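# Architecture and fold: a report
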Amino acid sequence: EFKINDLIKKVLNDFQSQIEAVNGQYEIESEDIEVSADLICIKQIFENLITNAIKYRSPDRLFKLKVSVIDMGADINIIFDDNGLGIKPGDEDKLFEEYYRSKARENTIAGHGIGLSTVKTLLESHGGMIWANPGVALGSSFNIQMPKKQ
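Residues numbered from 1 in each chain as written. Predicted model: local features only at pLDDT ≥ 70, side-chain atom pairs only at ≥ 80, totals over all residues. Heavy atoms only, no water.

The topology assignment puts N5 in helix 1 (residues 4–14). If we skip the residues at most four places from it in the chain, N5 touches I28, S30, E31 and D32. (Helix = DSSP H or I, 4+ residues; strand = E, 2+ residues; numbered from the N terminus. Contact = heavy atoms within 4.5 Å.)

Okay, here's the thing in structure tokens:
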């Protein structure tokens, strides 16, 4: 068991130099919730989402990332909101397919299209799920829902 808030803080601290390098900032809005899950898997999920937020930031504005944690009773909901380049309408579901790269980004931003597919697989192995929130005006919003206890 571990406190989700502590893990989020640790992962964001690991990215501190990258966030500072792009003059970025982050905010955590979290309750102190204990979860029983594979710490290494959940850490890998968070690292991938934060890496993507930094990688797909907009050159037109200062990078901002907000991580919100909501207690849903038996489940926990974690939302990663950024003010980056955003998600092309219609790509919300395709993002989680293995090797999928948005046509708008594949020639300008390095990657292989396996990160979000891996995130989805790891979450499903924990009884959870992930989705991209459609219609975000500025940036991307990814929502994770998973049980607190395995």
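There is more to say, and it comes next.
Turning next to the pairing of strand 6 (residues 129–132). Residues I130 and A132 of strand 6 are buried on one face, while the alternating residues M129 and W131, pointing to the opposite face, are not. As paired elements, strand 6 and strand 7 (residues 141–147) share 4 bridges and run antiparallel to each other. Directly across from I130, in strand 7, lies its bridge partner I144. (Buried < 20%, exposed > 50% of the residue type's maximum accessible area, 1.4 Å probe, protein only. Pairing = 2+ DSSP bridges.)

This part takes up the sheet that holds strand 6. Strand order in the open sheet formed by 5 strands is 2-4-5-7-6, and the pairing between neighbours is mixed. Two strands close off the open sheet at either side, each with one partner strand: strand 2 (25–29) and strand 6. The average undirected angle you get between the axes of adjacent strands in this sheet is 15°. Sheet topology note: the strand 4 (residues 64–72)/strand 5 (residues 75–82) ladder contains 8 bridges and is antiparallel. (Axes fitted to C-alpha atoms, helices over the stretch in contact; angles between N-to-C directions.)

Glancing now at helix 3 (residues 39–55). Between its terminal C-alpha atoms helix 3 stretches 24 Å, which fits the 24 Å expected from 17 residues at 1.5 Å a residue. Listed as buried for helix 3 are C41, I42, I45, F46, N48, L49, I50, N52, A53 and I54. For helix 3, the N-terminal cap is D38; the gap from its side-chain oxygen to the backbone nitrogen of I40 is 3.0 Å. (Expected span 1.5 Å × (residues − 1). Polar contact = N/O pair within 3.5 Å; in protein donor to acceptor, adjacent residues only side chain to side chain.)

Turning to the environment of N143, a few remarks are in order. Looking at where N143 falls in the secondary structure, it is placed in strand 7. C-alpha of N143 to C-alpha of D81: the two residues are 62 residues apart in sequence and 8.7 Å apart in space. For N143, the contacting residues outside a window of four places in its chain are N77, I78, I79, M129, I130, W131 and N133.

Moving on to the packing of helix 1 against helix 3. In the contact formed by helix 1 and helix 3, the axes pass within 10 Å of each other and the chain directions differ by 50°. Relative to helix 3, the element helix 1 lies oblique. Two packed elements cross with a definite hand, and for helix 1 against helix 3 that hand is right-handed. On helix 3, the residues that touch I4, L7, I8, K10, V11, L12 and D14 of helix 1 are L39, I42, K43, F46, E47 and I50. Classifying every residue of the contact of helix 1 with helix 3 gives 9 nonpolar, no polar and 4 charged. (Parallel < 35°, antiparallel > 145°, perpendicular 65-115°, else oblique. Left-handed = near helix turned anticlockwise from the far one by under 90°. Nonpolar A, V, L, I, M, F, W, Y, C, P; charged D, E, K, R; others polar.)

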